[in-house]
Amino acid sequence: VLWGIRKPYRGFHPAPGYLRCQSLSGVGALRWNDYDVPEEFNFASDVLDYWTQMEKEGKRGPNPALWLVNNQGDELKWSFGELTDLSRRAANVLTQTCGLQQGDRLALILPRVPEWWLVVIGCIRAGIIFMPGTIQLKAKDILYRLQASKAKGIVTTDTLAPEVDSLASECPTLKTKLLVSDHSHQGWLDLRSLIKSASPDHTCIKSKTVDPMAIFFTSGTTGFPKMVKHCHGFALRSSLPSCRKMLQLKTSDILWCFSDTGWILALCGCIMEPWAVGATLFIHHLPQFDPKVIEQMLLKYPITHSLAVPLVYRMILRHASTSLRFPTLEHCITGGEALLPEDQEEWRRRTGLLLYEIYGQTETGISCGTPQGMKIKPGSMGKSIPPFDIQIIDDQGNTLPFNTEGNIGIRMKPTRPIGLFMGYEDNPVKTAEVECGDFYNCGDRATMDEEGYIWFLGRKDDIITASGYRIGPAEVENALAEHPAVAESAVVSSPDPIRREVVKAFIVLTPEFLSHDRDQLTKELQQHVKSLTAPYKHPRKVEFVSEPPKTITGKIKRSDLWKKEFSQM
Ligand code: BCO
C-alpha cells in the first residue's frame, strides 16, 4: 500500500540555517508577476517538477513535500521527486489503462488518502478535468454529479463503491471505475496496484493557462448544485507575489490544512499554497473530526502553519481546559465563515497566536485576507489580494463609497483576473446572473473602509453558511419532502453557541404523524436527511409548525423565519 511500512515518528528537523535562507517567496516570485498571464501554465510541470529538480540539485532541504499521518501510527513522507514519479504513474494509469483523454471529466471522491494527491496531479499532467467531491456525498448527489458532468470516470473507496454501482446504469458516459481499497471489488480497477506497476515516464501536456482544469459543485438557493469551472491559471495564482504574502510560507515551513478533499480550500491549501514555495504539506487522515487529535498533532509535529475554518479553532479551545502553547506553530489562518472578534481574542489569549482571516468562494479561491504581519482589524477579513480588485458594488455594478453596505464584487472587466472561475458549466443563465457591470458579484454583503479593509455582513440570498459549508435550503427541503411525515418544510439558518449557525427546519407534519412523539420524529428526520444527502446538511434544529409564513402567492417567506431566529439571540 502507498502508506508504506510503519515508520514511527523519529523527529524531523529541517536543516535550519540552509532552509531559512531559502526564504525567497519561492518559484513563483522568480517567474511570474501579479498581472502576468502566460500563454501556457501547468502546475505539475511548472511548479512540482521545478521542486523535484531543486531536490536533485541539492538546492532544497530534506523536508518532505507531503507528510501524512493517521491514528494507527502510519506515516508517509514523499519528497517532490517521489510525488513526481508517482503522479506520472497515475497519469499513465488514467490515460493508458483507463483511456481517458485531455478534457475528459473524472469524479474524485476520496478521503485524505495519498491517492487523492496522485489523482489530482495525474489529472493536471494529463489535462483530465478532475471534479472533487466530499466523501459525505450520497448516491443521489453522486448520480447528479456524474450525469451533469458526463463524467467518464470515477475514483472512490469501497464505502461508496456500492452506491456508484447502484446508479452506474443511469450514467451512460461512465466507463472507468477506480477503487482505492485494500480489497478488490468486481467491476472496479485497483488504483494502488495499477500505480505501482505503471511506467514513471510521462510527458506532461502543454496546457494553456485558460484550459479547463477542475470542476467543483456548489450549492445554490434553488435547484441543483452548479458546476464551477476553473482553468489551469487558478493553480498559478498561489505562485504570484501578492498571493505569497498571504501565508508567507517558506520552503522550510510545514502547513497543516484541515479542509475536506471535496472543497476548493483543499486545492488551495493542500496543494497550491504549500507546493508553490516547496514547503511541506502536513495532513492527518482524520476520518472523524476530533479536536483532541488536532491538539495532540500540533504538540507532536513541527507544524508551523495551520489553515482551518473558525469552528476548528473554536473546538480546540473548547476541548482544552488550560492555556495552549504549541511549540512550533507560528501562523494560523482561518476562512470559510466569518471569524468573530471574541474567537480571535480567545485564541490569542490562550495560544499567544493571532488568527489571520481569509475569504473566498468556490468561484474565486482565496480572494482577500490579512497577510502575516499586516495589522489585523478584528471583525474584518482583510484586503483584496491582487490581481483581484474587490470593490463594494450596488446591484447595477456601481462602486459604492467607503463604509456603505453593498455586494462584494471582483472586477472582471476589462480583464478577467487569473484565478476567477471560468463560469458555471452548461449554465449561461446562472453565469450571467452573477455578472454585474464590470464585476463578478459574490452574493455576499460587506462594507469597505478607507484603508481597503473589507467587513463581511452576510449573504444576500438564502444560502446557509454553517461550519464553513455553504448549504442551499432547497437541498435540505427536497430531502425532507421525501419523508412521509413532512407535508411542507422551510429551511433557514439559526444561531448556535458553538457552530454559530446551523441548519434549522420548520416542518408542517402530515395528518398521520401529528400524534407522533416529536423528539423521536426529530431524530428520525435528521437521520433521514443524513441518509439522502451529505450529512453535514442535516437540520441540527427542527421545529414543528402548523404553517410557515407565506407570501400572497404561497411562496414560503424564509426571510421572516430567519429574522425570527436571529431576533431571539
Ligand atoms: O452532527 P453529527 O455529529 O450528528 O454528524 C456529523 C458527522 O458525524 C457526520 N458525518 C461526517 N462524515 C460522515 C458523516 N456521516 C456519515 N458519513 C460520513 N462520511 O455528519 C455530520 C457532519 O457534520 P459536520 O461536518 O458539519 O461536523 P463535524 O463532523 O463536527 O466537523 C466539524 C468540521 C469543522 C471539521 C466540519 O464542519 C468542516 O470540515 N467544516 C469545514 C468545511 C470547509 O472546509 N469549508 C471550506 C469551503 S471552501 C471555502 O470556503 C473557500 C475558501 C477559499
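Structural data are supplied above this passage.
None of the values given here were measured: they were computed from a predicted structure.

Visitor: What am I meant to see in the overall build of the protein chain here?
Guide: On a plain count of helices and strands, the protein chain comes out with 18 helices and 27 strands. Every one of the 569 residues in the protein chain was classed for burial, and the buried ones make up 59%. Here the analysis covers contacts within the protein chain between residues at least 6 apart in sequence; of these, 69% occur between residues at least 24 apart. For the protein chain, the exposed surface amounts to about 22700 Å²; the carbon and sulfur share of it is 51%.

Visitor: Please clarify how the packing of helix α3 (residues 43-56) against helix α5 (residues 114-126) should be interpreted in this entry.
Guide: Packed helix pairs are specified by the crossing angle of their axes together with the interaxial distance, meaning the distance between the axes. Running from amino to carboxyl end, α3 crosses α5 at an angle of 125 degrees, the nearest separation of the two axes being 8 Å. One way to sum up the angle between α3 and α5 is to call them oblique. Note on element contacts: α5 touches α3 through I121, I124 and R125, opposite F43, A44, S45, L48 and D49. Looking at side-chain class alone, the contact of α3 with α5 contains 5 nonpolar, 1 polar and 2 charged residues.

Visitor: Before we go on, may I ask you to explain the site of the ligand in this structure?
Guide: Taken together, 24 residues lie near the ligand, and S467, G468, Y469, K530 and R540 sit nearest. At a separation of 2.5 Å, an oxygen atom of the ligand approaches a polar side-chain atom of R540. In the complex, 76% of the free accessible area of the ligand, which totals 1100 Å², lies under the protein chains. Mapped by element, the contributors of at least two residues to the shell around the ligand are α11 (264-276), α13 (310-319), β14 (355-361) and β15 (365-369). When the residues that make up the shell around the ligand are grouped by side-chain class, the tally is 11 nonpolar, 10 polar and 3 charged.

Visitor: How do you make sense of the packing of aromatic side chains when you look at a structure like this?
Guide: The description of an aromatic ring pair rests on the distance of the ring centres and on the angle between the ring planes. For the structure shown, the criterion picks out 21 aromatic pairs. Aromatic side chains W67 and F282 sit 5.9 Å apart centroid to centroid with 75 degrees between the ring planes, which places their arrangement in the edge-to-face category. Of this pair, W67 sits in strand β1 (residues 66-69) while F282 sits in strand β11 (residues 280-284), and the two are 215 residues apart along the sequence. Here W67 and F282 have matching classes, each one buried. Among the aromatic residues, those joined into a cluster by ring pairs are W67, W256, F258, F282 and Y301. In this arrangement the basic side chain of K77 is found over the ring face of W67, its NZ or CZ atom lying 4.5 Å from the centre. A cation over a ring is seen here: R518 above F544, with NZ or CZ 5.3 Å from the ring centre.

Visitor: Would you mind going over the environment of K292 with me for this structure?
Guide: With respect to the helices and strands, K292 occurs in helix α12 (residues 291-300). Separated by 23 residues in the primary sequence, K292 and M315 place their C-alpha atoms 9.1 Å from one another.

Visitor: Is there a simple way to think about the nonpolar core in this case?
Guide: Among soluble globular proteins, nonpolar side chains are generally buried collectively. In terms of nonpolar packing, the biggest core is built from 76 residues, with F43, W117 and W275 touching the most fellow members. When sequence neighbours within four positions are dropped, the list of residues in contact with F43 reads L48, I124, A235, I271, M272, W275 and A276. Grouped together as the second largest cluster of nonpolar side chains are 30 residues, V69, F258, F282 and A320 included.

Visitor: Quick question: what am I supposed to make of α12 here?
Guide: For an α-helix, the turn length of 3.6 residues means that residues three or four places apart are oriented alike. Of the residues making up α12, those classed as buried are P291, V293, I294, E295, M297 and L298. Looking at the buried residues of α12, the elements they touch are β1, β10 (254-257), β11 and α13. Of the residues that open α12, the one with a side-chain oxygen 3.0 Å from the backbone nitrogen of K292 is D290.

Visitor: How do you make sense of the sheet that holds strand β25 (residues 486-496) when you look at a structure like this?
Guide: Consider a sheet: its strands pair through backbone hydrogen bonds, and that pairing is either parallel or antiparallel. Taken in spatial order, the 3 strands make up an open sheet running β25-β26-β27, and their pairing is mixed. Of all strands in the sheet, those with a lone pairing partner are β25 and β27 (541-544), marking the two edges. Between one strand axis and the next, the sheet turns by 25 degrees as a mean value, whatever way the strands run. When β25 meets strand β26 (residues 500-509), the two strands line up antiparallel, connected through 10 bridges. Residue D496 lies in a different strand from β26, and its bridge partner there is R500. In the packing of helix α16 (residues 473-481) onto the sheet, the strands contacted are β25 and β26, and the crossing angle to β25 comes to about 140 degrees.

Visitor: Looking at this structure, I do not really get unusual backbone geometry. What am I missing?
Guide: Negative phi characterises most residues that are not glycine, and trans characterises most peptide bonds. The linkage connecting P386 with the following residue, P387, adopts the cis geometry, with an omega of 10 degrees. Of note, P387 is situated in the loop between β16 (383-384) and β17 (390-393). In this chain, K413 is followed by P414 through a cis amide linkage whose omega measures 5 degrees. Along the chain, P414 falls in the loop between β18 (406-411) and β19 (423-424). For D426, which is not glycine, the phi dihedral falls at a positive 55 degrees. By secondary structure assignment, the location of D426 is in the loop between β19 and α15 (428-433). Overall, D426 belongs to the exposed group, its relative accessible area being 54%.

Visitor: When you look at the packing of α5 against α11 in this model, what are you seeing that I'm missing?
Guide: Closest axis-to-axis distance for the α5/α11 pair is 12 Å, and the angle between their directions is 75 degrees. As judged from the angle between their axes, α5 and α11 are roughly perpendicular. Contacts from W116, W117, V120 and I121 in α5 reach A266, L267, C270, I271 and W275 in α11. Grouping the constituent residues of the contact of α5 with α11 by class yields 9 nonpolar, no polar and no charged.

Visitor: Quick question: what am I supposed to make of the environment of I135 here?
Guide: Summarising the element assignment, I135 is placed in the loop between β4 (129-132) and α6 (139-149). Spatially, the C-alpha atom of I135 lies 7.9 Å from that of L160, the residues being 25 residues apart in sequence.

Rules and cut-offs
- Residues numbered from 1 in each chain as written.
- Predicted model: local features only at pLDDT ≥ 70, side-chain atom pairs only at ≥ 80, totals over all residues.
- Heavy atoms only, no water.
- Helix = DSSP H or I, 4+ residues; strand = E, 2+ residues; numbered from the N terminus.
- Buried < 20%, exposed > 50% of the residue type's maximum accessible area, 1.4 Å probe, protein only.
- Contact = heavy atoms within 4.5 Å.
- Areas by Shrake-Rupley, 256 points an atom, 1.4 Å probe, with all protein chains shown as cover.
- Axes fitted to C-alpha atoms, helices over the stretch in contact; angles between N-to-C directions.
- Parallel < 35°, antiparallel > 145°, perpendicular 65-115°, else oblique.
- Nonpolar A, V, L, I, M, F, W, Y, C, P; charged D, E, K, R; others polar.
- Near = heavy atom within 4 Å.
- Polar contact = N/O pair within 3.5 Å; in protein donor to acceptor, adjacent residues only side chain to side chain.
- Phe/Tyr/Trp six-rings, centres within 6.5 Å; stacked < 30°, edge-to-face > 60°.
- Lys NZ or Arg CZ within 6 Å of the ring centre and 35° of its normal.
- Core = buried A, V, L, I, M, F, W, Y, C linked by side-chain atoms within 4.5 Å.
- Pairing = 2+ DSSP bridges.

Keep in mind these values describe shape, not function.
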